[in-house]
Amino acid sequence: MDADTRSFEAGNGPTLEVECPRCGGPWVVEVGAPEGGQARILGQGERLVIGSGELADVRVCDPAVSQRHCLLEVRDNRVHVEDLGSRNGVYVGAMRVARALVVDAGVFVVGRTSVVVRSGYTQEIPKADPVPGLVGSSAAISRVVAEIRRHARTRAPVLLQGESGTGKDVVARALHQLSKRQGGYVPLNVGALPESLADAELFGHRRGAFTGAVHSRSGAFEQAHQGSLFLDEIGDLPLSIQVKLLRVVEDGSVRALGASNPVQVDVRIVSASWAKLDERVANGSFRADLYHRLSTVVILIPPLRQRKSDIPELSRSLLRRIRAEVGVKELTSAALSKLVAHNWPGNVRELSSVLYRASMASEGTEIQADDVQTTSTAEPARSVQLGPADAARLLEESRGNVSHAARLAGVPRSTFRSWLARRSSESES
């Protein structure tokens, strides 16, 4: 038994255990640093040291990470994580821990770098050069990057599917920029258009076509000639307009309101929807023939909860955007750990709002864990459970303040009180 293993089994400090229904491997380890990330795959009996020094197996460009920061070792279908006496520690849910145990999936923070560990990984992580505007290097976002580069130069219509706030507009713009098309990029949120205006916005109108039409106006298709047209929230387009859109998609012929003759346009269509269009086809609210035309290529945009190793790099990018307003800001390890513990139902859009509020609440250049406040009603995803003894220790460190201790642990007060209650029941028994 080597020194690292003896130190782990000696039990110095709290141990956190991931409780998930499945076990197994091999394991993927995604390391996401502020300047970009990398991934490794671990098998049974293998060990991995994460750090900033030459002796680390995975080297990260993060000044807050020690040369040999932490050890990951796979034993008994679990990943054992141990702090190797680092300067800034290992954090889970805004709490510094000495050890952690990953059963099926887990995320923790070293310095200003997040580490995501999960089992059952079999697919090869695609390698592709970054694309404009898209931040991250996780396996999930790398697949999106590979799809963008594969289809950018084609004329095939692309359908982007993903939750609200995942960055479908960013992907659409990247597709256009890499397409090298001569025309412009025209975005249009068709879901926000009243049915009475959708016809004119998409196809244009001629002077006198209706009351108030004192000038002729080109529609979105004509504006995007030889370029790309991004139709956001396509699933909310009225059925009456879907019929006309189908005709344009099929033959590239656009007839403006009040026009005698159609005009030909060369437009690459990128559409997007948070709703599953195949389900809308099934219930009759979306035309099947239009769906099949628009979905020649389908790119699924992952939610933020599936790419948590990208949060350090995303946070750095988002904080840089608001630097002129809030000043230079940097996340502490505890603050970053609190971010990666959240489930992010609002995705990158929610992360941007949380970082802005945290920046305004923070004093000085560092954002502390208490500055990070999420307003989402959804409870954060918890893959880590705190033991009763560690809960009591955390309460003592918080001077008896349950609310503060719960915030440090990254859980609701009710959950933290249940951990304390377990300690009382164990003492009585």
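Described in the following lines is the structure provided in the data block. Every chain is numbered independently, its residues counted from 1 as its sequence is written. Under the rules for a predicted model, residues below a pLDDT of 70 receive no local features and side-chain atom pairs below 80 are neither given nor counted, while totals for whole chains, interfaces and linings still include all residues. Note that the side-chain values use all heavy atoms of the structure and ignore hydrogens as well as water.

**Points about unusual backbone geometry**
- Here Asp76, not a glycine, exhibits a phi torsion of approximately 55°, which is positive.
- Positive phi outside glycine occurs at Lys180, with the angle close to 65°.
- Under the scheme used here, helices are H or I runs from DSSP no shorter than 4 residues and strands are E runs no shorter than 2 residues, and both carry numbers assigned from the N terminus. Within the secondary structure, Lys180 is located in the loop between α3 (168-179) and β14 (185-189).

**Things to note about the sheet that holds strand β18 (residues 267-273)**
- Strands pair, by our definition, only if DSSP identifies at least two bridges between them. Read across the open sheet, the five strands follow the order β14-β15-β18-β13-β19; overall the sheet is parallel. Whereas interior strands pair on both sides, the edge strands pair on one side only; in this sheet they are β14 and β19 (297-300). Neighbouring strand axes in the sheet, compared pairwise and without regard to direction, differ in orientation by 20° on average.
- Of the strand pairs in this sheet, β14 and strand β15 (residues 227-232) are connected by five bridges, and their pairing is parallel. Paired with Val186 across the strands is Leu229, a residue of β15.
- Across the sheet, helix α2 (residues 139-151) is in contact with β18 and β19; its angle to β19 comes to roughly 155°. Here an angle of 0 to 180 degrees is reported between the N-to-C directions of two axes, which are lines fitted to C-alpha atoms, with helices fitted over the stretch in contact. Two residues form a contact once any of their heavy atoms are found within 4.5 Å.

**Some thoughts on the environment of Ser86**
- Secondary-structure assignment places Ser86 in the loop between β7 (78-83) and β8 (90-92).
- Only protein chains enter the calculation, and the probe is 1.4 Å; a residue is then buried if its accessible area is under 20% of its type maximum, exposed if over 50%, and partly exposed in between. Given the relative accessible area of 7%, Ser86 is considered buried.
- Once residues lying within four places of it in the same chain are set aside, the contact partners of Ser86 are Ser66, His69 and Arg96.
- Under this definition, polar contacts are N or O atom pairs within 3.5 Å; protein pairs additionally need one hydrogen-donor-capable and one acceptor-capable atom, and for neighbouring residues in sequence, both atoms have to be side-chain atoms. A distance of 3.1 Å separates the side chain of Ser86 from the side chain of His69, its partner in a polar contact.
- Polar contacts involving the side chain of Ser86 include one to the main-chain amide nitrogen of Gly89, which spans 2.9 Å.

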